[in-house]
Amino acid sequence: MASTPALSYTALFVLQALNQGYKFGFDIMEVTGLPSGTIYPALRRLEALELVTSDWEKDLKARKEGRPRRRYYELTQTGKEQLREAEARFMAVGRLFPKRSTT
Amino acid sequence: MALTRLVLWLMSRIVPAAARQRWLEEWTAESRYGGRRMLPGALPDAWALRALARNEAASPPRPSLFHALDQDVRYALRTFGAGRSFAIGVIGSLAIGIGVTTLAFSLVNASMFRPLPEIRAEEELVQVQLGDRPTQGAWFQTAWADFEVLRDGITAVDDLSIAHEANFAVAPGGEHEPRTSAGLIVSSNYFDVLGARSTLGRFFRPEEDAAPWGQPAVVISHNYWQRYLAGDSNVLQRTLNVNGADLPIIGVAPEGFSGIYARSGIQIWVTFALSDLVFRDAAGRPIAARDAPPFRTTIVGRLKPSATIQQGQAQAAGLAPALAGMRERGIKRLFVRVQPLRIVEPTTDAVRALALMAVPLIVLAIACVNAANLLLARATRRSGDWLVRLALGASRWRLIRQLLVESLLLALGGAALGLVLCFWARSFVENQVVGEILIDGNVLLFVLAAAIATALIFGLGPALSVTRAAVSRAPEAGRFMRGPFGSRTRSALVMLQAALCIGLLATGAQFTKTLQTLWDDGLPEPEQFLAVSIDVDQLRYDRKQSDAFYDGLLARVQELPQVEAAALTNGTVANMLTGLVTSRGGSVSAPGSAGGPIDGTLMTYTTAGFFETMGLPLVAGRTFVSGEHRDLPRSVIVNQAFVARAFGQDPLGRVVRLTTGREGGERTSVDTMVVGVFAPPEGQPIFSQLPNVFYPGPLIHEPARDLLVRFNGDAGAVSAAIRTIVATMDARLPIGLIATGEDLRRRRNVLDYTLAQTVTVLGVIALMLAAAGLYGVVSYMVTLRQKEIGIRIALGAEGASVLKMIVRQSIVPVLVGCVLGSAGAVVVAFLVRSRLHGVSQMDPASIAGAALLLLVTMVVASLVPARRAARVDPIQVLRTE
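Rules behind the numbers
Residues numbered from 1 in each chain as written. Chains lettered and ligands numbered in written order. Predicted model: local features only at pLDDT ≥ 70, side-chain atom pairs only at ≥ 80, totals over all residues. Heavy atoms only, no water. Core = buried A, V, L, I, M, F, W, Y, C linked by side-chain atoms within 4.5 Å. Buried < 20%, exposed > 50% of the residue type's maximum accessible area, 1.4 Å probe, protein only. Contact = heavy atoms within 4.5 Å. Helix = DSSP H or I, 4+ residues; strand = E, 2+ residues; numbered from the N terminus. Pairing = 2+ DSSP bridges. Buried area = accessible area lost by both parts, 1.4 Å probe. Salt bridge = Lys/Arg side-chain N within 4 Å of Asp/Glu carboxyl O. Polar contact = N/O pair within 3.5 Å; in protein donor to acceptor, adjacent residues only side chain to side chain. Nonpolar A, V, L, I, M, F, W, Y, C, P; charged D, E, K, R; others polar. Phe/Tyr/Trp six-rings, centres within 6.5 Å; stacked < 30°, edge-to-face > 60°. Patch = residues over 30% accessible without salt bridge, like charges linked within 9 Å, V, L, I, M, F, W, Y side chains within 5 Å. Areas by Shrake-Rupley, 256 points an atom, 1.4 Å probe, with all protein chains shown as cover. Lys, Arg positive; Asp, Glu negative; His and termini not counted. Charge placed at Lys NZ, Arg CZ, Asp CG, Glu CD. Arc of directions from axis to C-beta. pLDDT = per-residue confidence, 0-100. Axes fitted to C-alpha atoms, helices over the stretch in contact; angles between N-to-C directions. Parallel < 35°, antiparallel > 145°, perpendicular 65-115°, else oblique. Left-handed = near helix turned anticlockwise from the far one by under 90°.

Peer 1: I keep staring at the nonpolar core and nothing clicks. Help me out?
Peer 2: One recurring pattern in soluble globular proteins is that nonpolar side chains are buried together. Residue and element names in this part refer to chain B. By size, the foremost hydrophobic cluster in this structure holds 51 residues, and its most contacted members are Leu-150, Phe-168, Ile-220, Leu-240, Phe-279 and Val-336. Not counting chain neighbours up to four residues away, the residues in contact with Ile-220 comprise Trp-225, Leu-229, Val-235, Leu-240, Ile-249, Gly-251, Val-252, Ala-253, Gln-267, Ile-268 and Trp-269. Counting 47 residues, the second largest nonpolar core, distinct from the first, contains Leu-94, Val-108, Leu-403 and Leu-419.

Dropping the structure here:
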């Protein structure tokens, strides 16, 4: 999508969280402190705007851990660009939350 | 856990089926981490998915009704540029129609919707009148004593002012000759009550209205200041000669101010302290207003802020018995009316406005029909475009919108041009019509409304019918494009136009003819006849001075080389000629025969030469001789109507007793002998139907007389010569009226004259419009049918027969319209019978004449394009196919 409407703060939070490595809805909730009723609809809208794509966890991994597989989200190229633009506009966005420790 | 799953499953019903399974899976997984507190977020998420799905389904977004309107405008302008004659035709027609209607509306606007100029808070003003009924009905004249009772008795009104209108002889000095000017004698509070502010100087102070001639002063109008005193800024140091008295000018009223009657043309104001400039006692001597019998007044006051008009009315009602008792003869029914100055009656006003605008609206209707016809013809030719656009997916609304945009642009163009025409015709119309034209915001609004309304009227019909046809006939495009589509509608429009046109023409012709009958006053060669009114009373001449003045005037005028005959009368003749029959108080009896007074006899004082001047032939006896009026008259000349009433036959030598003079004043009775009988021409209403007696010398003081002159030559030169004579005799004396017989006739029927003239002019305009419209339609028809005509000619049809066919086909609807319009004209004639003054309600000759004129014009209008059709080259046409 060439042009996207100005991002809401929620969307910005979500994009930034995804950028920092938080991939699942629940993780994003935890790190942003926003309620689930805000996070998930925002994810849907961002996906419709093609700023975000989603995929499913590898079946194998989930089965190994004995739980249903999770849906994880990723920034698209446009999403990354949008986020960079937003960072330029809002200097503090980059320091919203720390990078996820890769464990 | 099971509960969470159940809830999630229920919520998943909201999610569109395609995404449901995945949604459920994701939330099941997420709730493993977040637990039940996740659940409240699931519901908005489900709704968000649903909304997204719905949006995607509804694509592409629906364009609004006015999407890409600028395209339509640009396209319309481009096509107008390409087909200029079409645009010029439509805009020209509409400009005439809208211009005429706007002109009429500006007249209505000036007379009905404008607040009185320079008056503060008009709605607080109340008018007090004495009358024989509580609200409407006759009003009584007011004496000064009445005014004092009213002023002191009605406390709900702040301050009551009184005004009396009169004509003054005003001499500004310099190169301007003295003129009779309308003026008001007012109480000193007059300007304060109305809330007017002076342009220069000040208005009256109470002391200027206190003692008679204590501090004489005059206020002049802005118009008078500019016109006769050259806008002199030192005007306050000057004096103005009013009825022979030099009065210091103390102030100039604001521009446009003329009291509570708009455009009454008041030029000067003086206070009641100077009322003996105008008021006269029974013997004709100057008198103060407070001692005079009741006179015409305008009593106006401003309601106190705390008071209501009902309180004022109640107080006034309490005064009525006292006022009735003050009257000499004791009036039984006397009411004091306290009414708002301006009574707004929207319904009545609207009806009046519509009545005034009816005829212009018919012209506008014709212009609309014209435009509709041209638009229809053009739209038919463009049917190919419509089909292509429909095929490419245009909605019918889009086509209708295109046509509406085009008609709106044309209408706006027409309105703009109409407004220009209106400005241009303004001064001309103001001179012809009694009334003023006011072009202001109201008028601009009206023009805009008229443009939009006409655009809808002439644009919507063609738009609907063309697009309907385009939609329904889409499959057989070829036939539709060339077929005689819309010809029925077009014929109907041509018919309507012809009907409206003939209605106007015939009505105008009937009016004009009626006026010619009415104008017949028996005056031969009215353009060689002058009536000059002079009133030396304004300068307070006594009887001796007055007689000497008029003798001198008559002698000098008779010496003018162009003058064939001249005579003086006591002012009744010019009145008779202007339709105002007046006779001074007096009676005529024939002592020798019947006895009692002969009622309704008109007594007129004349000098020798009167019958020659008026062109009234004597049938018996002699006319007056010069000098016969030196002393009391001893001879009279009568008409046949008087002979029939008084003597029956043998009138010469019989005795007629004249009694004249006002009650309580100078009264004279004299026995005279009939020396001549005159015979007025047939049909002359006043001199033939009413008994008339003419006597050769004034019986009483006659300060106001008319000089009647029959001359040979240029009326302007004779008037100028007479003006010079009057000026050399008394430079202060104004001439009240100087008019030819022709002018008098026009003046007598000024309203009818204006109406007839207007209807006729509009009828001619309508005729031109209709002819232009028919020309346009036939031209288009010929263009459309070019192929058909080419085939006809190829098959052996002669040019003449093609010509005949085209003219015949275009004239048929005109003929039908003629019949309908004539019927309409007859109906109109019956409806306005009251204005036609009893002359036969229907005039077949007028209607036939109008029909003939219309037919000839229309045949000519259709002949031009028909000739083009006859010259079609079949080879050319068939080759291009």
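Peer 1: What's the story with the pairing of strand β9 (residues 268-271) of chain B in this structure? I'm lost.
Peer 2: In summary, the side chains of a regular strand alternate between the two faces of the sheet. Residues and elements named next belong to chain B. Both faces of β9 are covered, namely the face carrying Ile-268 and Val-270 and the face carrying Trp-269 and Thr-271. As defined by bridge partners, strand β4 (residues 179-186) adjoins β9 across four bridges and the pair is classed as parallel. Directly across from Ile-185, in β9, lies its bridge partner Val-270.

Peer 1: What am I meant to see in the interface of chain A and chain B here?
Peer 2: Taken together, the contact pairs 20 residues of chain A with 20 residues of chain B. Between chain A and chain B, roughly 1,800 Å² of surface is buried when both sides are summed, and carbon and sulfur atoms account for 57% of that area. Counting across the interface, chain A meets chain B through five salt bridges. At the boundary of chain A with chain B, the tally comes to 10 residue pairs in polar contact (both at pLDDT 80 or more). For the side of chain A that touches chain B, the leading source of residues is helix α3 (residues 36-48) of chain A, giving seven residues. In terms of residue class, the side of chain A that touches chain B is made up of nine nonpolar, four polar and seven charged.

Peer 1: In this structure, what is going on with the packing of aromatic side chains? I would like to understand it.
Peer 2: The description of an aromatic ring pair rests on the distance of the ring centres and on the angle between the ring planes. Residues and elements named next belong to chain B. This model, assessed by the stated rule, comprises 27 aromatic pairs over all chains. Between the aromatic rings of Phe-80 and Phe-86, the centroid separation amounts to 6.4 Å while the plane-to-plane angle is 35 degrees, which identifies the pairing as tilted. Each member of the pair, Phe-80 together with Phe-86, is buried. Their ring planes at 75 degrees and their centres at 6.5 Å tell us that Tyr-190 and Phe-257 sit as a pair that is edge-to-face. Of this pair, Tyr-190 sits in helix α7 (residues 190-194) while Phe-257 sits in the loop between β8 (245-252) and β9, and the two are 67 residues apart along the sequence.

Peer 1: I keep staring at the side chain of Arg-398 of chain B and nothing clicks. Help me out?
Peer 2: Residue and element names in this part refer to chain B. Take Arg-398: it is sitting in helix α12 (residues 396-432). Accessibility expressed as a relative area gives 19% for Arg-398, which makes it buried. Within the structure, Arg-398 has its side chain in polar contact with the side chain of Asp-72 (distance 3.2 Å). Beyond its immediate stretch of four places on either side in the chain, Arg-398 contacts His-67, Ala-68, Gln-71, Asp-72 and Arg-389.

Peer 1: It is not clear to me how a negative patch on the surface should be interpreted in this structure. Could you clarify?
Peer 2: All names here are of chain B. Together, Glu-525, Glu-527, Glu-564 and Glu-612 make up a negatively charged patch on the protein surface. Relative to the helices and strands, Glu-612 is located in helix α18 (residues 610-614). Judged by relative accessible area, Glu-612 falls into the exposed class, the value being 58%.

Peer 1: Looking at this model, I keep getting lost on helix α6 (residues 144-153) of chain B. Mind explaining?
Peer 2: All names here are of chain B. Of the residues making up α6, those classed as buried are Trp-144, Asp-146, Phe-147 and Leu-150. Take α6 and look down its axis: the buried residues cluster within an arc of 150 degrees, on one side only. Buried residues along α6 sit against β1 (125-131), β3 (157-171), β10 (298-303), α9 (309-326) and β11 (335-340).

Peer 1: Please explain the pattern of salt bridges as it appears in this structure.
Peer 2: Oppositely charged side chains may form a pair once their charged atoms are brought near each other. Here the structure, examined in full by the defined rule, presents 22 salt bridges over all chains. Here Arg-44 of chain A and Asp-45 of chain B are joined by a salt bridge, their closest N and O atoms 2.6 Å apart. Of this pair, Arg-44 of chain A sits in helix α3 while Asp-45 of chain B sits in helix α3 (residues 39-57), placing the two residues on different chains. By relative accessible area, which is 2% here, Arg-44 of chain A ends up buried. In this structure, Arg-657 of chain B and Asp-671 of chain B form a salt bridge, with 2.8 Å as the shortest nitrogen-oxygen distance. Remark: Asp-671 of chain B occurs in strand β19 (residues 667-678) and Arg-657 of chain B occurs in strand β18 (residues 655-661); sequence separation between them is 14 residues. Judged by its relative accessible area of 34%, Arg-657 of chain B falls in the partly exposed class.

Peer 1: Sorry if this is basic, but what is going on with the confidence of the model for chain A here?
Peer 2: A low pLDDT score tells you not to read the predicted coordinates there in detail. On average, residues of chain A score 80 in pLDDT, and 86% of them are at 70 or above. Across chain A, strand β2 (residues 71-75) of chain A holds the top mean pLDDT of 89, while helix α4 (residues 59-65) of chain A sits lowest at 77.

Peer 1: What is the right way to read the packing of helix α25 (residues 799-831) of chain B against helix α26 (residues 844-870) of chain B from this model?
Peer 2: Each pair of packed helices can be summarised by the angle the axes make with each other and by the distance between the axes. All names here are of chain B. At their nearest, the axes of α25 and α26 sit 8 Å apart, and the two run at 155 degrees to each other. In terms of axis orientation, α25 runs roughly antiparallel to α26. As for how α25 packs across α26, the hand of that crossing is right-handed. Here the contact of α25 with α26 is built from residues that sort into 20 nonpolar, four polar and one charged.

Peer 1: I keep staring at the sheet that holds strand β13 (residues 563-569) of chain B and nothing clicks. Help me out?
Peer 2: Pairing between the strands of a sheet comes from backbone hydrogen bonds, and it takes one of two forms, parallel or antiparallel. Residues and elements named next belong to chain B. Spatial strand order, β13-β21-β12-β22: four strands in an open sheet with antiparallel pairing. Among the strands making up the open sheet, the edge pair consists of β13 and β22 (735-740). For this sheet the average axis-to-axis angle between neighbouring strands, irrespective of direction, equals 15 degrees. Running over the sheet, helix α21 (residues 715-729) touches β12 (529-535), β21 (704-711) and β22 and is turned about 25 degrees from β12.

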